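# Reading the structure
Residues per chain are reported as follows:
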Amino acid sequence: MTLIESLKGRLRLPLIGSPLFIISVPDLVVAQCTSGVIGSMPSLNARPVEQLDEWLAEIKERLAAHDAAHPDRPSAPFAINLIVHRSNDRLEQDLALCVKHKVPLVISSLGARPEVNDAIHSYGGHIIHDVINQTFAHKAIEKGADGLVLVAAGAGGHAGAQSPFAMLQETRAWFDGPIALSGAMAHGRSILAAEAMGADFAYMGSAFIATEEARAVEDYKAMIVAAEASDIIYTNLITGVHGNYLKPSLRKAGLDPENLGGIEGSQMNFGTERKRKWKDIWGAGQSVSGVKEVVPAAALIDRLAGEYAAARARINAGSPLVNAGWGRRAAA
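Criteria and cut-off values
Residues numbered from 1 in each chain as written. Predicted model: local features only at pLDDT ≥ 70, side-chain atom pairs only at ≥ 80, totals over all residues. Heavy atoms only, no water. Core = buried A, V, L, I, M, F, W, Y, C linked by side-chain atoms within 4.5 Å. Buried < 20%, exposed > 50% of the residue type's maximum accessible area, 1.4 Å probe, protein only. Helix = DSSP H or I, 4+ residues; strand = E, 2+ residues; numbered from the N terminus. Pairing = 2+ DSSP bridges. Right-handed = clockwise from strand over helix to strand, strands pointing away. Axes fitted to C-alpha atoms, helices over the stretch in contact; angles between N-to-C directions. Contact = heavy atoms within 4.5 Å. Disulfide = S-S within 2.5 Å.

### Focus: the nonpolar core
If you look at the biggest cluster of nonpolar residues, it comprises 52 residues, and the most contacted ones within it are Leu-13, Leu-15, Ile-224 and Leu-246. In terms of nonpolar packing, the next biggest core, distinct from the first, is built from 27 residues, Cys-33, Phe-78, Ile-80 and Val-116 among them.

Written out as structure tokens, the structure is:
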């Protein structure tokens, strides 16, 4: 069964809540899934590794309880993000736990490994890989990923620089499998737009930082609410890989966002002994301009669902600018 086949009729919205480093925890994942969207979290958010075993069991138990109580609207599947970068010395342990708990969907990042894909496929799970360009996209599919997350311009955290229009168009020219599109989404009409462009899912992160269940400090949530798109800066200074960050958090850390410069080469380190040099510099996407308050995740998804329905109704009504005669000519 393909990923799309396994999800038919199981979602309220074609939306994946993206895995937020440090921030996504079981409370947020469960709130997302029980509200009808795919919730996710990075495996590395559980520390030590034994906590991941406990968290996976907790998520499955809570979702099963919801499904028993609400058979008419069962929860959406959940996803775990695995960092497959060579510096992650926990990958083998985390992967084994995903296999043990038969995690329905795995989102892999920062490298594509056939052995990881094979392990997830061994129990019928699915895996999608996030990419910022076509080179990485081709490699991910060649190595056995089921689908792709296109991390386009404007996305929070590590992100690409390509327009989502160009990136999706190029990918659909050669790949007809599952695609999630990321890049400055915080409104229901953005979810519909991603579908219209050819994606199967929207991929939304920054809006979920400003939810009650998110494990983000209150100052971070408040900064998200107060920020506009112009408050986001794209830089490789923080990790060695380009990403989007909140300018006010850089200023609080004593840096000048207008005179950052950059660094040569990647300094990414996801090992258990790593030190967080910039622990109070906060990632976010350009979609922060659409986040106006801190709310429960269920309330955010309710709003998105209403906006999505309104946008679909508007599109289905047709544009008043279009001359229907052209349609008749094309049919003839």
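### A word on the pairing of strand S5 (residues 126-131)
The element S5 is largely enclosed, with a buried count of six among its six residues. Of the two faces of S5, the one carrying His-126, Ile-128 and Asp-130 and the one carrying Ile-127, His-129 and Val-131 are both buried. Sheet topology places strand S4 (residues 105-109) next to S5; four bridges connect them, and they run parallel. The partner of Leu-105 across the bridge, within S5, is His-126. This β-α-β element, S4 to helix H5 (residues 114-121) to S5, shows right-handed connectivity. Pairing between S5 and strand S6 (residues 147-151): four bridges, direction parallel. By the bridge assignment for S6, Ile-128 is matched with Gly-147. Running through helix H6 (residues 134-142), the crossover from S5 to the neighbouring parallel element S6 is right-handed.

### As for the sheet that holds strand S9 (residues 201-204)
Read from one edge of the open sheet, eight strands run S1-S9-S8-S6-S5-S4-S3-S2, paired in parallel fashion. Looking at the sheet topology across the chains shown, the edges are occupied by strand S1 (15-17) and strand S2 (39-42). Looking at each pair of strands side by side, their axes are set apart by 25° on average, direction ignored. Pairing of strand S3 (residues 78-83) with S4, which is carried by five bridges, proceeds in the parallel orientation. In the sheet register, Asn-81 faces S4, and the bridge partner there is Ile-107. Sheet strands in contact with H5 are S3, S4 and S5, and its direction is about 150° off that of S5.

### Let's talk about unusual backbone geometry
Here the bond from Arg-47 into Pro-48 is cis, since omega is 5°, no more than 30 degrees from zero. With respect to the element layout, Pro-48 can be found in the loop between S2 and helix H3 (49-69). Phi angles above zero are rare outside glycine, and Leu-110 is one such case at about 60°. By the secondary structure assignment, Leu-110 is in the loop between S4 and H5. Residue classification places Leu-110 among the partly exposed residues on the basis of a relative accessible area of 26%.

### Focus: the state of the cysteines
A covalent bond between the sulfur atoms of two cysteines is referred to as a disulfide. Considering all chains together, one arrives at zero disulfides under this definition. With no disulfide of its own, Cys-98 lies 14 Å from the sulfur of Cys-33, the closest cysteine sulfur. Relative accessible area serves as the criterion here: at 0%, Cys-98 is assigned to the buried category.

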